[in-house]
Amino acid sequence: MQAVILVGGKGTRLRPLTSERPKPIVPVADRPFLAHMLEWVARHGMTDVVLCCGFRSDAVVEVIGDGSQYGVHVTWVFEPEPRGTAGAVKMAEEHLQERFMLINGDVLTDMDLSAQIEAHERTGAVATLALVPVEDPSAYGLVRLEDDGRVRGFLEKPKAEDIDTDLISAGAYVLERSIMDMIPAGREVSIEREVWPHLVGEGLYGHVHRGAYWMDIGTPERYVQGVADVLSGAVRTATLDRLQDGPVMAGADVDPTAVVAPDALVEAGARVGAGARIGSGTVVGAGASVDAGASLDRAVLLPGARVGARAELSSCVIGADAAIGDAAHVKEHVIVGDGVQVPAATRLPEVEVAEDAPAAEAPAATRPIAAD
Ligand code: GDD
Ligand code: MG
């Protein structure tokens, strides 16, 4: 079967990580985020992939190419302006097969798509939505389900008083091509607001993925968590195969007195100095360096980043070629932009920042979690 993946979003909540690169190609552990998605659909037999692109598509094309590196063949579709989740797939209409999967390009997951496709074939549905339970459905599409799998109601971004189930749409749908007749051409159309509500009672089904890993990695906190989950194997990805022989890749220069946790990753060409501690969920990217006595936990160092002696990093992202001075502290989901120099002994964040503080209060080069 064919997979159509929507990769049009700007990823504003991950800035400055996404100032330099669009979200689909932000590295997650050892490869671009979209690579994990391509390898996931390929594992379920979908090697024919259509990518519906908008924002900064040039950079996505450059990194992903024809997809062969990830076991798929990619057909590219470009939108002149954002057409919305249904409008984007409408633009891809000429490439579509009779049955295909449509997938949001911003979730890290190992849901069993093969089982979902089987369920779709069994019920004869027009559309089968992947469903997962979450604690708070308010940021998602809430789905009310009958015992036989039919969808009784779909509410995008439900208000608190309307939440009566924990099941949400996980952003992966098996679709019959006939659904294209419901989507007007030439304008922005939301599949969540303009298609699903009309399909309730008309062939809209849900398939619940129990026990699967599923996370939208669109905030700094969830990005750091997602990287840690790839390294620990909490989510099944091809990265795990590379970690079979331990966290230090051939060609990395790690001092014998340094300590590296089993669920960390030190890439080829990286350097770790004497007595440094590379804790769980940490990535030291290619050409990055960690000086003596530094301590890192859930820190993501993009290629070429440098961390000074005795610095302490936790739950943070250090951009490509950025430099953290000696004895500096970087914590609490701060993202240091590419090439930024953080002086010795600096404390980031500078002040305790409440979760819902406006983004403008964050230091220019960095950004803790903020609503957006
Ligand atoms: N090509 C293209 N064009 N892609 C788009 C466009 C567009 O105009 N608009 C959104 N996308 C892509 C985004 O890049 C993302 O990968 C996906 O479509 C979903 O859009 P989001 O903006 O991330 O939506 P959301 O997260 O608020 O809600 C959606 O996902 C939830 C699960 O994470 C909905 O589908 C919800 O129903 C669902 O629960
Ligand atoms: Mg999303």
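What counts, and at which threshold
- Residues numbered from 1 in each chain as written.
- Chains lettered and ligands numbered in written order.
- Predicted model: local features only at pLDDT ≥ 70, side-chain atom pairs only at ≥ 80, totals over all residues.
- Heavy atoms only, no water.
- Phe/Tyr/Trp six-rings, centres within 6.5 Å; stacked < 30°, edge-to-face > 60°.
- Buried < 20%, exposed > 50% of the residue type's maximum accessible area, 1.4 Å probe, protein only.
- 1 Å grid on protein atoms, 1.4 Å probe; cavity = no way out; pocket = protein on both sides within 12 Å on 5 of 7 lines; lining within 4 Å.
- Points joined across faces, edges and corners; volume = space filled by probe spheres on them.
- Helix = DSSP H or I, 4+ residues; strand = E, 2+ residues; numbered from the N terminus.
- Nonpolar A, V, L, I, M, F, W, Y, C, P; charged D, E, K, R; others polar.
- Polar contact = N/O pair within 3.5 Å; in protein donor to acceptor, adjacent residues only side chain to side chain.
- Contact = heavy atoms within 4.5 Å.
- UniProt positions renumbered as here; feature names shortened; annotations may be inferred.
- Arc of directions from axis to C-beta.
- Domains from an automatic or database assignment.
- Buried area = accessible area lost by both parts, 1.4 Å probe.
- Salt bridge = Lys/Arg side-chain N within 4 Å of Asp/Glu carboxyl O.

**Considering the packing of aromatic side chains**
According to the stated counting rule, one finds three aromatic pairs in the structure shown. Seen in terms of ring centroids, tryptophan 76 and phenylalanine 78 are 6.3 Å apart; in terms of plane orientation they differ by 0°. Their pairing is stacked. A residue is classified by how much of its surface remains accessible, and tryptophan 76, at 18% relative accessible area, is buried. What makes phenylalanine 78 partly exposed here is its relative accessible area of 42%.

**Side note on empty space enclosed by the protein**
Tallied over the entire structure, the rule returns two cavities of 30 Å³ or more. Here the largest cavity is characterised by a volume of approximately 50 Å³. Along the walls of the largest cavity sit His36, Met37, Trp40, Arg43, Val107, Leu108, Thr109, Arg236 and Thr237, which together make up its complete lining. Those elements that provide at least two residues to the lining of the largest cavity are helix 2 (33-43) and strand 7 (107-109). No other element matches the four residues that helix 2 contributes to the lining of the largest cavity. Grouping the amino acids of the lining of the largest cavity by side-chain chemistry returns four nonpolar, three polar and two charged.

**Side note on the side chain of glutamine 2**
With respect to the helices and strands, the residue glutamine 2 is situated in strand 1 (residues 2-7). Of the polar contacts made by the side chain of glutamine 2, one reaches the backbone nitrogen of glutamine 97; its length is 2.9 Å. Residues within four places of glutamine 2 in sequence aside, it is in contact with Met46, Asp48, Val50, His95, Leu96, Gln97, Arg99, Phe100 and Met101.

**A short note on the environment of valine 235**
Positionally, valine 235 belongs in the loop between helix 8 (220-232) and helix 9 (239-242). C-alpha of valine 235 to C-alpha of alanine 286: the two residues are 51 residues apart in sequence and 23 Å apart in space. If sequence neighbours within four positions are ignored, valine 235 has contacts with Leu108, Thr109, Asp110, Tyr213, Asp229 and Val230.

**A closer look at the UniProt feature "domain: Mannose-1-phosphate guanyltransferase C-terminal" (unreviewed entry) in the protein chain**
The UniProt entry lists residues 262-348 under the feature "domain: Mannose-1-phosphate guanyltransferase C-terminal" (unreviewed entry), expressed in the numbering used here. When the span residues 262-348 is considered, its composition is 0% helix and 41% strand, and the gap between its end C-alpha atoms is 27 Å.

**Observations concerning helix 5 (residues 113-123)**
Of all the positions in helix 5, only Leu113, Gln116, Ile117, Ala119 and His120 are classed as buried. Buried residues of helix 5, viewed axially, fall in a sector of 160°; they line one side. Buried-residue contacts for helix 5 involve helix 2, strand 6 (99-104), strand 8 (127-133), strand 11 (167-176) and strand 12 (204-208). Looking one or two residues past helix 5, glycine 124 carries a phi angle of roughly 70°, positive in sign.

**Examining the layout of surface pockets**
Its boundaries defined by the atoms lining it, the second largest pocket holds a volume of some 300 Å³. Going through the elements one at a time, strand 8 and strand 13 (214-216) are the ones with two or more residues in the lining of the second largest pocket. The biggest single contributor to the lining of the second largest pocket is strand 13, with three residues. The residue inventory of the lining of the second largest pocket, partitioned by class, reads eight nonpolar, three polar and five charged.

**Digging into the domain arrangement of the protein chain**
For the protein chain, the assigned domains are domain 1 (2-220) and domain 2 (246-348). Counting from both sides, the interface comprises ten residues of domain 1 and, opposite them, eleven residues of domain 2. For the pair domain 1 and domain 2, the summed buried area comes to about 770 Å², and 73% of that belongs to carbon and sulfur atoms. Residues arginine 21 and aspartate 338 are paired through a salt bridge, measuring 2.7 Å at the closest nitrogen-oxygen approach. At the surface where domain 1 touches domain 2, the tally comes to one residue pair in polar contact (both at pLDDT 80 or more). Residue classes in the side of domain 1 that touches domain 2 are distributed as six nonpolar, no polar and four charged.

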